[in-house]
Amino acid sequence: MGLMSTMFMACDNAEAGVDVFQAANGENVEFHCIKHGSLYFTYKDKVFYFDPVGESQEPATDYSSFPKADYIFITHEHHDHLDPAAICQLYKPGCKIFINPAGAAALRAALGSDATRNMLIITLEPVHRMSLELDWQVCAVPAYNYSQEKLNFHPKGRDNGYILSLDGFRIYVAGDTEDIPDMENYQDIDVAFLPCNLPYTMTPEQCANAARIIKPRFLFPYHYGSTEISRVEELLSDTDIEVRIRQYQ
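Residues numbered from 1 in each chain as written. Predicted model: local features only at pLDDT ≥ 70, side-chain atom pairs only at ≥ 80, totals over all residues. Heavy atoms only, no water.

Enquirer: Now, about the confidence of the model for the chain: what can you tell me, with residues and values included?
Expert: Any residue range with low pLDDT should be treated as having predicted coordinates unsuitable for detailed reading. Per-chain confidence: the chain averages 93 in pLDDT, with 94% of residues scoring 70 or above. Confidence over residues 1–15 falls short of pLDDT 50; this stretch has 43 contacts with residues more than four positions distant or in other chains. (pLDDT = per-residue confidence, 0-100. Contact = heavy atoms within 4.5 Å.)

Enquirer: Provide a residue-level description of the sheet that holds strand β12 (residues 169–173), including the pertinent values.
Expert: Across the sheet, which stays open at both edges, the seven strands sit in the order β9-β10-β11-β12-β13-β14-β15 with mixed pairing between neighbours. Looking at strand neighbours, the two that pair on one side only are β9 (128–133) and β15 (242–243), the edges of this open sheet. Two strands pair when backbone bridges link them, and strand β13 (residues 191–195) and strand β14 (residues 218–222) are joined in this way by five bridges, in the parallel orientation. Bridging across to β14, P195 finds its partner in Y222. Across the face of the sheet, helix α3 (residues 204–214) comes into contact with β12, β13 and β14 while running at roughly 155 degrees to β13. (Pairing = 2+ DSSP bridges. Helix = DSSP H or I, 4+ residues; strand = E, 2+ residues; numbered from the N terminus. Axes fitted to C-alpha atoms, helices over the stretch in contact; angles between N-to-C directions.)

Enquirer: Describe the nonpolar core, with residues and values.
Expert: Ranked by size, the top nonpolar core spans 58 residues in total, and within it F31, F41, F48, F73, Y172 and L194 carry the most contacts. Counting 21 residues, the second largest nonpolar core, distinct from the first, contains I34, I87, Y91 and C95. (Core = buried A, V, L, I, M, F, W, Y, C linked by side-chain atoms within 4.5 Å. Buried < 20%, exposed > 50% of the residue type's maximum accessible area, 1.4 Å probe, protein only.)

Enquirer: Mind laying out α3, listing which residues take part and the relevant values?
Expert: Because each turn of an α-helix spans 3.6 residues, side chains separated by three or four positions end up pointing in the same direction. For α3, the tally of buried residues reaches eight of eleven residues, placing the bulk of the element in the interior. Within α3, burial applies to P204, Q206, C207, A208, A210, A211, I213 and I214. Buried residues along α3 sit against β12, β13, β14 and α4 (230–235). In the segment just after α3, K215 is the residue with positive phi, at about 60 degrees.

Set out below in structure tokens:
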């Protein structure tokens, strides 16, 4: 599985918490909860952000004091996932932005050609793999709704989730999705982030089912709004999956 030992440590800064895992090579992977669908982690002095959002999702987040990004991953163009202002705050020369095609168009439209001309914006569609560095890969995977009453929120073929493999340590950040059949193909996941809020993504029961399909070592339910998220932990109490509840309302 690529994961040898784990620990959790609380922190006093703006983030709600930090979770530190150790990969098989002894390097730490340090996850920082921001809020809702926004998180970042560090590995080997590189900083990876997923859907960083500032003022468009409460509580407002000022990224000026956050570490600058080496990689930014955007799952789709909804306001609680794509925030051009936050991207500008975190961007530094050489940063790579991975994003779905519709999100890339929205980002360019919002910032204009002058601002985006020198940005490394890389569009990915499922299932598209790309090397980040030696022994580091990213794979864009599908994220969509299949329930009839939710089809207009996240149509199939538009949005992304991402699976990163960093020296064998595998991370899945699902984006906005339900427990789709595609998840049967996701193997050897060490840490998974799965959304759980209605009416847009999964119920606790769907989230637990998705976890049973993927079988991550550690599950972070995220993007959960007012959902009673402890229900996911209850539903998975008979498994070896460790559920970690953080401030991802």
